[in-house]
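# Chain and residue survey
Take a look at the letters that make up each chain.
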Amino acid sequence: MKTSRSLKIAAAIAVSALALTGINATAASAADSKKIYTLGGTDPFFAVVKNGFDSAADTVKAGGSTATWLAIKDWSNAGPDMNKITQTAVNAGADAIATPIWGAAAQVPALQKVVKDGTPVVLYNTGIDLVKKVGALGYIGADDYVAGKAAGAAFAKAGIKNVLCLNGQPGAINTAARCKGIKDAQKAAGGKSTELALPATKFGDATAIAAAVKGALTKDKTITGVMGLAQAFADASVTAIKAMGSKAIVGAFDISTNGLANVKNGSQLFCVDQQGWLQGFMSTTIAWQYAAYGLLPATTTILTGPALVTKSNVDLVSAGVKTGQR
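Source: prediction; values computed, not measured.

### Examining the nonpolar core
With 44 residues, the main nonpolar core has Phe 46 and Leu 123 as its most contacted residues. With six residues, the single largest contributor to this core is helix H3 (residues 44-62). Contact partners of Phe 46, with chain neighbours within four places excluded, come to Gly 40, Gly 41, Trp 69, Trp 75, Pro 100, Trp 102, Tyr 124 and Asn 125. Leu 164, Leu 166, Ala 212 and Val 226 belong to the second-largest nonpolar core, a separate cluster that totals 22 residues.

### Some points on the domain arrangement of the protein
On domain assignment, one finds that the protein holds domain 1 (33-141 + 274-294) and domain 2 (142-271). Taking the mean C-alpha position of each, domain 1 and domain 2 sit 28 Å from one another. Domain 1 puts 17 residues into the contact, and the matching count from domain 2 is 13 residues. When the two sides are added together, the surface that domain 1 and domain 2 hide from each other amounts to roughly 1,100 Å², 54% of it contributed by carbon and sulfur. Linking domain 1 with domain 2 are zero salt bridges, by the criterion used here. Where domain 1 packs against domain 2, one counts three residue pairs in polar contact (both at pLDDT 80 or more). When its residues are assigned to classes, the side of domain 1 that touches domain 2 shows nine nonpolar, seven polar and one charged.

### Considering the sheet that holds strand S7 (residues 192-197)
Pairing in this open sheet of six strands is mixed, and the strands run S7-S6-S8-S9-S10-S12 from one edge to the other. Both outer strands of the open sheet, S7 and strand S12 (307-309), are each paired with one neighbouring strand and no more. Each neighbouring strand pair of the sheet contributes to a mean axis angle of 20°, computed without reference to strand direction. In this sheet, strand S9 (residues 249-253) lies alongside strand S8 (residues 225-228) in parallel orientation, the contact comprising four bridges.

### Quick notes on empty space enclosed by the protein
The gaps of empty space that remain are located by a probe, the size of a water molecule, rolled over the atoms. All told, the structure shown has four cavities of 30 Å³ or more when counted by the stated rule. Estimates place the volume of the largest cavity at around 140 Å³. Contributing elements (two or more residues each) for the lining of the largest cavity: H3 and helix H8 (173-188). Counting contributing residues, the lining of the largest cavity receives three or more from each of domain 1 (33-141 + 274-294) and domain 2 (142-271). Its volume calculated, the second largest cavity comes out at about 50 Å³. Val 122, Leu 137, Gly 138, Tyr 139, Ile 140, Ile 286, Leu 296, Pro 297, Thr 299, Thr 300 and Ile 302 together form the lining of the second largest cavity. Within the lining of the second largest cavity, the residues separate by chemical class into eight nonpolar, three polar and no charged.

How each quantity is defined
Residues numbered from 1 in each chain as written. Predicted model: local features only at pLDDT ≥ 70, side-chain atom pairs only at ≥ 80, totals over all residues. Heavy atoms only, no water. Core = buried A, V, L, I, M, F, W, Y, C linked by side-chain atoms within 4.5 Å. Buried < 20%, exposed > 50% of the residue type's maximum accessible area, 1.4 Å probe, protein only. Helix = DSSP H or I, 4+ residues; strand = E, 2+ residues; numbered from the N terminus. Contact = heavy atoms within 4.5 Å. Domains from an automatic or database assignment. Buried area = accessible area lost by both parts, 1.4 Å probe. Salt bridge = Lys/Arg side-chain N within 4 Å of Asp/Glu carboxyl O. Polar contact = N/O pair within 3.5 Å; in protein donor to acceptor, adjacent residues only side chain to side chain. Nonpolar A, V, L, I, M, F, W, Y, C, P; charged D, E, K, R; others polar. Pairing = 2+ DSSP bridges. Axes fitted to C-alpha atoms, helices over the stretch in contact; angles between N-to-C directions. 1 Å grid on protein atoms, 1.4 Å probe; cavity = no way out; pocket = protein on both sides within 12 Å on 5 of 7 lines; lining within 4 Å. Points joined across faces, edges and corners; volume = space filled by probe spheres on them.

What follows is the structure, given as structure tokens:
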């Protein structure tokens, strides 16, 4: 039976992770078993994060412990829903928890209590500025404001000086930071950007997104760039733009098969990659290594992005999509 490339990669990383702990698999198995819980979302991006988690779970299992994935069902009530699955992890006896923070007002007090009660927390994906406030061990992910600035600058470099930033999760700290970064980068280049808030209940709803984009482009015909919170927003925007005969071009946060195809055919200028696979893998293994062995990186912030995917590197990145790493 052939071993898939993905499994080979996972196995190689698992061995490397154990090697980094300074102990072998046999010695690791002798350690007290720990329960690690990684919390996340449910959408195409988090499917890639989950792939990283799955490989990490194999590493954790090889070390004699367990890793469990818990995810909210949608984005309509993200902060409170994250608190519910956080409590589920605590009730199950979690020895460490890895989690994003989308709703700071709801999640920060709850996570502060988790840490105060003795369960270590690793933040990933979003929450870079909340590590100290929560009392977390560290953060793994992109700096969303920097990612937004990179997107805004990329639009400006292409001559686009009026960008519509689609925010499908109003109130979330990461989406607000991204739109602010775009606005600041556009302003620095002599352009501007407007944030269009869409109800979280319509997250990924192609019809609703396309209608909103058509309305915005009709109202302001000087808009020549549209930035999607995720690829679903970019896909719907491409449809709206084609239907209108507009010359606007889109960009999107995160990587997907559609996004890479759009970049290749020219209907999308770029994707902003934050390497979700690494976020899922590293947040889980770091939480486990700390809970089991007291090991921790010397820096509290490990950046996995941002990086732009354009026509110049789209073929290389596409190879990682096929195997589930991008």
